Amino acid sequence: MDILKDKILSEGTALSESVLKVDNFLNHQIDPQLMHEIGAEFKKRFEGKGVTKILTLESSGIAPSVMAGLLMDVPVVFARKRQSLTLTDGLLTSEVYSYTKQETNQICVAHKFLEEDDTVLIIDDFLANGKAAEALIDLAEQAESNIAGIGIVIEKSFQEGGGLLRDRGHHVESLARIANLAEGKIEFVQEREN
Ligand code: G4P
Ligand code: NA
Ligand code: NA
């Protein structure tokens, strides 16, 4: 997705060999016009898959998910990282291991918002080692929902998540795939645009 790649090149920063900072438009300040284009791209890439619901993880997955949900005319559910005061019964929970923080955190979603007859599109902002995506898949599987696929805004292809998910047969669509962040330079995976 060229406009996303252009935005990453103009406003993103390679903080290290493995971390891309994009808080100008995705992780802190949000560019609604770009999120709208991202939503449209997800809609296009998962057209005909019968998606009935989008599942994401708070907080940075929410903006692109809501735009996709608006355009696909389906509800958006975000898994929570913290316990809610009002959300106590009928919770599905899963665990996400964070390599950067070296800790395991629970995420949860109310069962009533993920059902057996749902076909779920999982969306997240980043795909690195794939732990967050795996936990979202686990929640959808616990609910016995169908999984249409996984839509990612930025995949770091030099980390293992994308390969793991594709090897397991999931349909993964990443709108920008980073090949390398070495020496402060951002390099994308070469691919044909459709
Ligand atoms: P890791 O796999 O690389 O170790 O990352 P970890 O699971 O610890 O994820 C920590 C947070 O960092 C996640 O967001 C994840 O989406 C994000 N993340 C991973 N790699 C990058 C990157 O290169 N750049 C940026 N900007 N973020 C990255 P989170 O804690 O769930 O936060 P949020 O959704 O509230 O933003
Ligand atoms: Na995230
Ligand atoms: Na994040």
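The rules behind each value
- Residues numbered from 1 in each chain as written.
- Chains lettered and ligands numbered in written order.
- Predicted model: local features only at pLDDT ≥ 70, side-chain atom pairs only at ≥ 80, totals over all residues.
- Heavy atoms only, no water.
- Axes fitted to C-alpha atoms, helices over the stretch in contact; angles between N-to-C directions.
- Helix = DSSP H or I, 4+ residues; strand = E, 2+ residues; numbered from the N terminus.
- Parallel < 35°, antiparallel > 145°, perpendicular 65-115°, else oblique.
- Left-handed = near helix turned anticlockwise from the far one by under 90°.
- Contact = heavy atoms within 4.5 Å.
- Nonpolar A, V, L, I, M, F, W, Y, C, P; charged D, E, K, R; others polar.
- Donors = N, O, S within 2.8 Å, 3.2 Å for Na, K, Ca; no water.
- Buried < 20%, exposed > 50% of the residue type's maximum accessible area, 1.4 Å probe, protein only.

Engineer: Is there a simple way to think about the packing of helix α2 (residues 32-45) against helix α3 (residues 62-72) in this case?
Structural biologist: Helices that pack against each other are described as a pair by the angle of their axes relative to one another and the distance between those axes. Between α2 and α3, the least distance of the axes is 8 Å, while the angle of their chain directions is 55°. Taken together, the axis directions place α2 and α3 in an arrangement best described as oblique. Considering only the axes of α2 and α3, their crossing is right-handed. On the side of α2, the interface is formed by P32, M35, H36, I38, G39, A40, F42 and K43, while α3 contributes A63, P64, M67, A68, L71 and M72. Tallied by class, the residues present in the contact of α2 with α3 amount to 11 nonpolar, two polar and one charged.

Engineer: Help me understand the coordination of the sodium ion (ligand 2), please; the structure alone is not making it clear to me.
Structural biologist: In a perfect tetrahedron of four donors around a metal, the angles come out at 109.5 degrees. In a perfect octahedron of six, they are 90 or 180 degrees. Note on the sodium ion (ligand 2): its protein donors are D124 (OD) and D125 (OD). The metal-donor distances range over 2.3 to 3.1 Å. Between the sodium ion (ligand 2) and the sodium ion (ligand 3), both coordinated by D125, there is a metal-metal distance of 3.5 Å. Exposure remark for D124: the relative accessible area of 7% places this residue in the buried category.

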